[in-house]
Amino acid sequence: MADHQDLLARRYRVMGHHSPLFYDKPLQLVRGEGVWLWDAEGKRYLDVYNNVPHVGHCNPRVVEALSRQASTLNIHTRYLHNNIVDYLERLTGTFNPGLEMAMLTCTGSEANELALRMARFCTGGQGIIVTDFAYHGNTEAVAEIGTGFMPEARTTRRVKSFPIPDSYRPLDGLAGEALADAYADRVQQAIDEFHAEGIKVAGILVCPDFANEGLLNVPTGFLEKAVAKVRQAGGVFIADEVQAGFGRSGKHFWAHQWYDVTPDIVTLGKPMGNGHPLAGVVARPDMIEAFSKEAMYFNTFGGTPVSCAVGMAVLDALEEDNLMQNAITTGAYVTEGLRKLQQKHELIGDVRDLGLFFGVELVTDRHSRAPAKVMARRVINLMRDQGVLISTIGVHDAILKLRPPMPFQIEHADILLHTLDTVLTQVAVKEVV
Ligand SMILES: Cc1ncc(COP(=O)(O)O)c(C=O)c1O
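Residues numbered from 1 in each chain as written. Predicted model: local features only at pLDDT ≥ 70, side-chain atom pairs only at ≥ 80, totals over all residues. Heavy atoms only, no water.

1. Quick notes on the sheet that holds strand S2 (residues 36–39)
Next up, step 1: Pairing is mixed in the open sheet, where 4 strands are placed in the order S1-S2-S3-S14. The sheet terminates laterally at strand S1 (29–33) and strand S14 (388–389), the two strands that pair on one side only.
Next up, step 2: Alignment of strand S3 (residues 44–47) against S14, held across 2 bridges, turns out to be parallel. Residue Asp47 lies in a different strand from S14, and its bridge partner there is Leu389. (Pairing = 2+ DSSP bridges. Helix = DSSP H or I, 4+ residues; strand = E, 2+ residues; numbered from the N terminus.)

2. Brief notes about the site of the ligand
Next up, step 1: As a structural note, the neighbourhood of the ligand is formed by Thr107, Gly108, Ser109, Asn112, Tyr135, His136, Gly137, Asn212, Asp240, Val242, Gln243 and Lys270.
Next up, step 2: Between an oxygen atom of the ligand and a side-chain N or O atom of Asn212, the distance comes to 3.2 Å.
Next up, step 3: Within the contact set of the ligand, a nitrogen atom lies 2.7 Å away from a side-chain nitrogen or oxygen of Asp240.
Next up, step 4: For the ligand, whose free accessible area comes to 390 Å², the fraction covered by protein is 84%.
Next up, step 5: Broken down by element, the shell around the ligand gets its largest block of residues, 3 residues, from helix H4 (residues 108–123). (Near = heavy atom within 4 Å. Polar contact = N/O pair within 3.5 Å; in protein donor to acceptor, adjacent residues only side chain to side chain. Areas by Shrake-Rupley, 256 points an atom, 1.4 Å probe, with all protein chains shown as cover.)

3. Observations concerning the domain arrangement of the protein chain
You'll often see interface size given as the accessible area lost when the parts meet.
Next up, step 1: Here the protein chain is described as being made up of domain 1 (1–58 + 322–430) and domain 2 (60–321).
Next up, step 2: Listed as interface residues are 36 residues of domain 1 and, on the opposing side, 36 residues of domain 2.
Next up, step 3: Together, the buried faces of domain 1 and domain 2 total about 3000 Å²; carbon and sulfur atoms form 58% of this surface.
Next up, step 4: Along the contact surface separating domain 1 from domain 2 lie 1 salt bridge.
Next up, step 5: Residue Glu361 is joined to Arg169 by a salt bridge in which the shortest nitrogen-to-oxygen separation is 2.2 Å.
Next up, step 6: Our enumeration of links across domain 1 and domain 2 arrives at 20 residue pairs in polar contact (both at pLDDT 80 or more).
Next up, step 7: Only helix H11 (323–344), strand S11 (348–353), strand S12 (358–365), strand S13 (370–371) and strand S16 (399–402) provide two or more residues apiece to the side of domain 1 that touches domain 2. (Domains from an automatic or database assignment. Contact = heavy atoms within 4.5 Å. Buried area = accessible area lost by both parts, 1.4 Å probe. Salt bridge = Lys/Arg side-chain N within 4 Å of Asp/Glu carboxyl O.)

4. Remarks on the environment of Glu152
Next up, step 1: Secondary-structure assignment places Glu152 in helix H6 (residues 152–155).
Next up, step 2: Here the alpha-carbon distance between Glu152 and Thr304, two residues 152 residues apart in the chain, equals 32 Å.
Next up, step 3: Among all residues touching Glu152, those that are not within four sequence positions of it are Ala143 and Glu144.

5. As for the nonpolar core
The nonpolar side chains of a soluble globular protein tend to be buried, and buried together.
Next up, step 1: Of all hydrophobic cores here, the largest spans 68 residues; its most connected members are Tyr87, Leu91, Phe246 and Leu400.
Next up, step 2: Per element, the largest residue contribution to this core is 8 residues, and it comes from helix H10 (residues 305–320).
Next up, step 3: Beyond its immediate chain neighbours, meaning those up to four positions away, Phe246 contacts His54, Tyr87, Leu91, Phe253, Trp254, Leu268, Gly269, Pro271, Met272, Leu315, Leu318 and Met406.
Next up, step 4: Counting residues in each nonpolar core, the second largest holds 31 residues, with Leu171, Ala180, Ala184 and Ala233 among its members. (Core = buried A, V, L, I, M, F, W, Y, C linked by side-chain atoms within 4.5 Å. Buried < 20%, exposed > 50% of the residue type's maximum accessible area, 1.4 Å probe, protein only.)

6. Section: the pairing of S1
Next up, step 1: Across 4 bridges, S1 lies against S2 in antiparallel orientation. Residue pairing across strands places Gly32 opposite Leu37, the latter belonging to S2.
Next up, step 2: Here S1 folds back onto S2, and the loop between the two strands holds 2 residues, one of which, Gly34, carries a positive phi near 60°.

7. A closer look at the packing of aromatic side chains
In this description, a pair of aromatic rings is defined by centroid distance and the angle of the planes.
Next up, step 1: Per the stated rule, a full pass over the model turns up 11 aromatic pairs.
Next up, step 2: Pairing Phe133 with Phe149 gives two aromatic rings, centres 5.0 Å apart and planes at 45°, and the pair type is tilted. Taken together, the residues Phe133 in the loop between strand S5 (127–131) and helix H5 (140–144) and Phe149 in the loop between H5 and H6 connect sequence positions 16 residues apart.
Next up, step 3: Ring-pair connections join several aromatic residues into one group, and the members of that group are Phe95, Phe246, Phe253 and Trp254.
Next up, step 4: We note Arg403 situated over the ring of Tyr49; from NZ or CZ to the ring centre the distance is 4.6 Å. (Phe/Tyr/Trp six-rings, centres within 6.5 Å; stacked < 30°, edge-to-face > 60°. Lys NZ or Arg CZ within 6 Å of the ring centre and 35° of its normal.)

8. Concerning H10
Next up, step 1: Its 16 residues place the ends of H10 22 Å apart at the C-alpha level, agreeing with the 22 Å of an ideal helix rising 1.5 Å per residue.
Next up, step 2: Across the 16 residues of H10, 12 count as buried, placing the element largely inside the fold.
Next up, step 3: Taken residue by residue, H10 has Pro305, Val306, Ser307, Cys308, Ala309, Val310, Gly311, Ala313, Val314, Leu315, Ala317 and Leu318 as its buried positions.
Next up, step 4: With its phi angle positive at about 55°, Asn322 sits one or two positions after the end of H10. (Expected span 1.5 Å × (residues − 1).)

9. Side note on a nonpolar patch on the surface
Next up, step 1: Where nonpolar side chains cluster on the molecular surface, the patch consists of Leu73, Ile75 and Tyr79 and spans about 270 Å² of accessible area.
Next up, step 2: Along the chain, Tyr79 turns up in the loop between helix H2 (60–70) and helix H3 (82–92).
Next up, step 3: Of the residues examined, Tyr79 reaches a relative accessible area of 52% and is grouped as exposed. (Patch = residues over 30% accessible without salt bridge, like charges linked within 9 Å, V, L, I, M, F, W, Y side chains within 5 Å.)

10. Looking at the pattern of salt bridges
Next up, step 1: Scanning all chains against the criterion turns up 23 salt bridges.
Next up, step 2: Notably, a salt bridge pairs Glu336 with Lys340, separated by 3.4 Å at the nearest N-O pair. Pair noted here: Glu336 and Lys340 are both in helix H11, with a separation of 4 residues, about one helical turn.
Next up, step 3: Through salt bridges that share partners, Arg169, Asp350, Arg352 and Glu361 make up one connected network.

11. So, the packing of H4 against helix H9 (residues 285–294)
Next up, step 1: Packing of H4 against H9 leaves a shortest axis separation of 10 Å and a crossing angle of 90°. It follows that H4 is roughly perpendicular to H9 by the angle criterion. Every residue of H9 that contacts H4 at Leu114, Arg117, Met118, Ala119, Phe121 and Cys122 is listed here: Met287, Ile288, Ala290, Phe291 and Glu294.
Next up, step 2: Of the residues in the contact of H4 with H9, the class split is 9 nonpolar, no polar and 2 charged. (Axes fitted to C-alpha atoms, helices over the stretch in contact; angles between N-to-C directions. Parallel < 35°, antiparallel > 145°, perpendicular 65-115°, else oblique. Nonpolar A, V, L, I, M, F, W, Y, C, P; charged D, E, K, R; others polar.)

This is how it looks when you write it as structure tokens:
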């Protein structure tokens, strides 16, 4: 424990006090395997939060592919190498027709930055439309579209937002098609405002799961209508799959495939390298060709033979371990369990799910739907104390975010559900006292 406190003090000294750390008592992790993590004192935690170790912490197939290629050759992409071509052929094969070309980067932020450059270059516009609680990364241009988190988003003229398309807290109390239309009208309003200011629209950029916004239940038809309006104004549709992609939703490989509209550009990252820095852009070939003809794009560490060997091993593991089917089966089991907990615990206002991704919205009052922010924080800290790692998301930080590595099984779901039941009971008792 003394070592832990010392490490924390040294971290504050060398990294400052505002570099984010999870939990009231920060966790010092030293080892991972599958869906399990161990801290410095040997305590084991069930990981129900991390999507980056997509096919499991330290997946042996991925580790083996990485070390085999690292001990053979690692070099940038200005030489011919099979790995990048093999990998991108396989990766682009998971997309709808029309999205057949790719460029690799190291982070999701770089991928979104590149997507913004490409959209602006190809459309001749500057205006980007996002939700009013967006996070898409940390570079300067991407900070401008980070309406939920970034100071740059408050001053830029190049970005406009529309209200998060939330069926649980709907605009003007509407429902169904009227709600979808109302949100799409707000996208049109953003377009009109750009035009009134003499700014041409370059595109709309959203995460198809609206994950950081709270894993929303999007009103049916909204996204298709919004994209049609943007395209009519000359803009393109950029789907940020950095968090949502790679089969997490079970039925489809990409979250945008749940909708009846194909993006012009898709950005990828996080789970792509299972923790190795691998990210990228998949887009319409005509856009990639036009952009890269004029703007030479080279990324020293993006798409090296090691990165591509890792990316290929992630795809192998997803396929051979049947992890998308697992997301459907285990995902349905978790959802059913969460809905049972909702019947028992007043604190749970809403349960939302997409394969192995769950949002559990906590409210102090089911009628007013007032967000239970303090309780949510208490819940995640108590869960951590009891060996289950989760976090929170959403505008009010009152939505429990459950997004485990894909090898998460029924036996793990039982531990999660039992621990959550115990913690929600504890929190409720504490509130009465
Ligand atoms: C939806 C989304 N896009 C982009 C990013 C940025 O990715 P990275 O941290 O790899 O730059 C994130 C990171 O949290 C994200 O959630």
